[in-house]
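Chains, contacts and geometry: an overview
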Amino acid sequence: PQGSALPDVDCSSDAQVCEQLGQLSCSGAQYACRIDCGDDGACQVRGVAEDGEVVDLSGKVSSDQLSKIALKAVELEVTANTLNFTTPTIDLSVGPETAVDANSAGVAFLGRIDPIDPGITFPARELPLDGAGVQALSQLARESAGKLKIFARGETIFPGGHALPAGKLDFRLRALFQIDVL
């Protein structure tokens, strides 16, 4: 229920106590989570959210143009934010369309979204990108006929006593490409 807090349970003498918390469960979460004993000797919930979206450039440009395509920028816009916690750092990666997650073979780090505080929204702003990731994206676009997958992954820890995580974050990522026509 909203307004409730995660139980504050001491696990300094027995780390197994966290696994036995009957009133706390990660089932039903829209992310992977586990309950464990934190470095401070208190039970905590560790949540990992990851999503992958297929991007198909083949319908937007010809196969000849794919060989000349380059990523110029990625913009982030936060349109709504009702979260009651600060987001973790979110890593963006790019890989082949067949990749299962950000740790799959052929996936490269592309850039990072800094933590976003509760209630904060903002218009589109450019994200700093990793040069090797930008090159990997361009190479993948050429080698895979324009079909690739972009992953967003973040991990956060909610300590005992923290309000139950609630709310929603609506954001848009927009990739800007350049095609060399000469």
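For the structure given in this document, a descriptive report is provided here. (Residues numbered from 1 in each chain as written. Predicted model: local features only at pLDDT ≥ 70, side-chain atom pairs only at ≥ 80, totals over all residues. Heavy atoms only, no water.)

Some details on the nonpolar core
Stated formally: Buried Ala, Val, Leu, Ile, Met, Phe, Trp, Tyr and Cys residues form a nonpolar core when they are joined through side-chain atoms within 4.5 Å. For the exposure calls, accessible area comes from a 1.4 Å probe over protein chains only, and a residue counts as buried if that area is under 20% of its type's maximum, exposed if over 50%, partly exposed in between. Going along the chain from the N terminus, every DSSP run of H or I of four or more residues is numbered as a helix, and every run of E of two or more is numbered as a strand. Residues count as neighbours in contact if any of their non-hydrogen atoms are within 4.5 Å of one another.
One finds Leu-76, Leu-110, Ile-113, Ile-116, Leu-137 and Leu-148 to be the most contacted residues of the largest nonpolar core, which totals 34 residues. Among the secondary structure elements, those contributing two or more residues to this core are strand 2 (43–56), strand 3 (69–81), strand 4 (90–96), strand 5 (108–113), helix 2 (131–143) and strand 7 (147–159). If you tally residues by element for this core, the top one is strand 3, at 5 residues. Setting aside its immediate chain neighbours within four residues, Ile-113 contacts Leu-76, Pro-88, Thr-89, Ile-90, Leu-92, Leu-127 and Leu-173.

Focus: helix 2
Heads up, the condition is: Each helix should span, by expectation, one fewer than its residue count multiplied by 1.5 Å. Think of a polar contact as two N or O atoms within 3.5 Å of one another; within protein, one of them needs to be a possible hydrogen donor and the other a possible acceptor, and neighboring residues in sequence only count if both atoms come from side chains.
With 13 residues, helix 2 extends 18 Å from end C-alpha to end C-alpha; this agrees with the ideal 18 Å at 1.5 Å per step. Among the residues of helix 2, Gly-133, Val-134, Ala-136, Leu-137, Ser-138, Leu-140 and Ala-141 are the ones counted as buried. Considering only its buried residues, helix 2 is in contact with helix 1 (63–66), strand 3, strand 4, strand 5, strand 7 and strand 8 (169–179). One side-chain oxygen at the N-terminal end of helix 2 lies 3.2 Å from the backbone nitrogen of Ala-132; it belongs to Asp-130.

Digging into the state of the cysteines
Here is the rule we go by: Note on terminology: pairs of cysteine sulfur atoms within 2.5 Å are recorded as disulfides.
By the definition in use, this model includes 2 disulfides. The side chain of Cys-18 participates in a disulfide bridge whose partner is Cys-43; the two sulfur atoms lie 2.0 Å from each other. One disulfide, between Cys-18 and Cys-43, carries an S-S torsion of -95° and so falls in the left-handed class. You can see Cys-18 sitting in the segment before strand 1 (32–37) and its partner Cys-43 sitting in strand 2, a full 25 residues away along the chain.

Some details on unusual backbone geometry
Notably, Ala-145 is not glycine yet its phi reads approximately 55°, a positive angle. Position of Ala-145 relative to the elements: it lies in the loop between helix 2 and strand 7.

Structural notes on the sheet that holds strand 7
Counted only if it meets this: Two strands pair under a simple rule: DSSP has to find at least two bridges between them. Axis definition: a line fit to C-alpha positions, over the contact stretch in the case of helices; interaxial angles, taken between N-to-C directions, run 0 to 180 degrees.
One open sheet holds the 5 strands; their spatial order is 1-2-7-4-5, and the pairing between them is antiparallel. Looking at which strands have only one partner, the edges of the open sheet turn out to be strand 1 and strand 5. Taken over all neighbouring pairs, the strand axes of this sheet differ in orientation by 25° on average, direction set aside. The sheet strands contacting helix 2 are strand 4, strand 5 and strand 7, and the helix crosses strand 5 at an angle near 125°.

Observations concerning the pairing of strand 3
In the sheet, strand 3 pairs with strand 8 via 11 bridges, with the strands oriented antiparallel. Note on strand 8: the bridge partner recorded for Leu-71 is Phe-177. For strand 3 and strand 6 (residues 122–126), the ladder comprises 3 bridges, and the chain directions are antiparallel. Each residue of the ladder has a partner; that of Glu-75, found in strand 6, is Glu-126.

Points about the pattern of salt bridges
Note the cut-off: By definition here, a salt bridge exists when the distance from a side-chain nitrogen of Lys or Arg to a carboxyl oxygen of Asp or Glu is within 4 Å.
Within the structure shown, the criterion is met by 8 salt bridges. One salt bridge in this structure joins Arg-46 and Glu-155, with 3.2 Å as the shortest N-O distance. You can see Arg-46 sitting in strand 2 and its partner Glu-155 sitting in strand 7, a full 109 residues away along the chain. Exposure remark for Arg-46: the relative accessible area of 18% places this residue in the buried category. The partner of Glu-50 in a salt bridge is Arg-153, with the nearest N and O atoms 3.4 Å apart. Of this pair, Glu-50 sits in strand 2 while Arg-153 sits in strand 7, and the two are 103 residues apart along the sequence.

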